[in-house]
Amino acid sequence: FPRMVADPARVERLHAVMDTNDDGEVNFREFVLGLSKCMAGTLDDKLELLFDLYDKDGSGQMDLAELTVVVAESLTEHSDGIDFALELVGAMDLD
């Protein structure tokens, strides 16, 4: 969640996904159910939540623009790990 909280658009989207009755508010029940999906849900629950977060128009389908965001963010999120691994390999490669 730290990256999500740093981006107001992500927080707004999470709010929209958790607001299951579309009243503009996240009540206690909606909050607990949303948090439960994140923390203790099945893999399907977590994937559904993730899909809903990226399906910005709520169409139930991911268009090219939405899928592009998923791929770009995945690459960005893992680039630090890849850079670190390459740096380690470079440091250990003595010849």
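The rules behind these values
- Residues numbered from 1 in each chain as written.
- Predicted model: local features only at pLDDT ≥ 70, side-chain atom pairs only at ≥ 80, totals over all residues.
- Heavy atoms only, no water.
- Helix = DSSP H or I, 4+ residues; strand = E, 2+ residues; numbered from the N terminus.
- Buried < 20%, exposed > 50% of the residue type's maximum accessible area, 1.4 Å probe, protein only.
- Arc of directions from axis to C-beta.
- pLDDT = per-residue confidence, 0-100.

1. Observations regarding the environment of A16
Turning to step 1, where the next piece is worked out: You can see A16 is positioned in helix α2 (residues 8–18).
Turning to step 2, where the next piece is worked out: Through-space distance from the C-alpha of A16 to that of G58 is 9.4 Å; in sequence the pair is 42 residues apart.

2. A word on α2
Working note: α-helix, 3.6 residues per turn, so residues spaced by three or four point in the same direction.
Turning to step 1, where the next piece is worked out: Listed in full, the buried residues belonging to α2 are R10, R13, L14, V17 and M18. Taken down its axis, α2 places every buried residue within 130° of arc, on the same side. Turned more than 90 degrees from where α2 packs its buried face, P8 and E12 sit exposed.

3. Here's the deal with the confidence of the model for the protein
Turning to step 1, where the next piece is worked out: Across the protein, pLDDT averages 82, with 73% of residues at or above 70.
Turning to step 2, where the next piece is worked out: Per-element confidence in the protein is highest for helix α3 (residues 28–39), whose mean pLDDT is 92, and lowest for helix α1 (residues 2–5), whose mean pLDDT is 56.

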